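Structure at a glance
Here is how the chains run, residue by residue.
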Amino acid sequence: QVQLIDSGGGLVQAGGSLRLSCAASGRTLSTYAMGWFRQAPRKEREFVAGISRSGVSTAYADSVKARFTISRDNAKNTAYLQMNNLKFEDTAVYYCAATVGSLKATLSPDGMNYWGKGTLVTVSS
């Protein structure tokens, strides 16, 4: 079983950047495809980005394409989400998650097996 600790959230002005990190312990991160999800107040948790075990393949929600970049460093057991040109509507709690499935499984919260506790990103307009 893997434990995930997500961090890096904070308050940023619109147009700014943040980098979220997801540190894994308990098992090697390379065992899992990874995903980032977010949940805004009164909304359902939604897919943001996913990355395959090797890091070769990635997927993004349309709303974040060309602004967010998911990556991973398996040697450091850490995954990242670089967020640029942040918008007010990006405000949410962001969660990293791991799945024993493929990259396709990261497209939905239902496909994930393990979750971090979340980190709050607040974008001021």
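Not measured: the values here are computed from a predicted model.

What follows concerns the overall build of the protein chain. Counting secondary structure elements, the protein chain contains zero helices and eleven strands. The N-to-C order of helical and strand elements in the protein chain reads β-β-β-β-β-β-β-β-β-β-β. Its C-alpha atoms give the protein chain principal-axis dimensions of about 40 × 25 × 25 Å. Across the 125 residues of the protein chain, 43% fall into the buried class. For the protein chain, the share of sequence-separated contacts (at least 6 apart) that also reach a separation of at least 24 residues comes to 58%.

This part takes up the pattern of salt bridges. Here the structure, examined in full by the defined rule, presents four salt bridges. Among the salt bridges present, the one from D62 reaches K65, with a minimum N-O distance of 3.3 Å. The exposure class assigned to K65 is partly exposed, which follows from its relative accessible area of 47%. Each member of the salt-bridge network shares a partner with another, and the members are R38, E46, R67 and D90.

Before going further, it helps to examine the environment of Q1. By secondary structure assignment, the location of Q1 is in the segment before β1 (3-7). Classification of Q1 by relative accessible area gives exposed; the value is 61%. In the structure, Q1 is positioned 113 residues away from Y114 in sequence and 8.2 Å away in space, judged by C-alpha atoms. Beyond its immediate stretch of four places on either side in the chain, Q1 contacts S25, G26, R27, Y32 and Y114.

On to the sheet that holds β1, then. Strand order in the open sheet formed by four strands is β1-β3-β8-β7, and the pairing between neighbours is antiparallel. Both edges of this open sheet fall to β1 and β7 (68-73), since each of them pairs with a single strand only. Ignoring strand direction, the axes of neighbouring strands in this sheet form an average angle of 15°. Pairing of β1 with strand β3 (residues 18-25) involves five bridges; the strand directions are antiparallel. Paired with S7 across the two strands is S21, which belongs to β3.

Criteria and thresholds
Residues numbered from 1 in each chain as written. Predicted model: local features only at pLDDT ≥ 70, side-chain atom pairs only at ≥ 80, totals over all residues. Heavy atoms only, no water. Helix = DSSP H or I, 4+ residues; strand = E, 2+ residues; numbered from the N terminus. Buried < 20%, exposed > 50% of the residue type's maximum accessible area, 1.4 Å probe, protein only. Contact = heavy atoms within 4.5 Å. Salt bridge = Lys/Arg side-chain N within 4 Å of Asp/Glu carboxyl O. Pairing = 2+ DSSP bridges. Axes fitted to C-alpha atoms, helices over the stretch in contact; angles between N-to-C directions.

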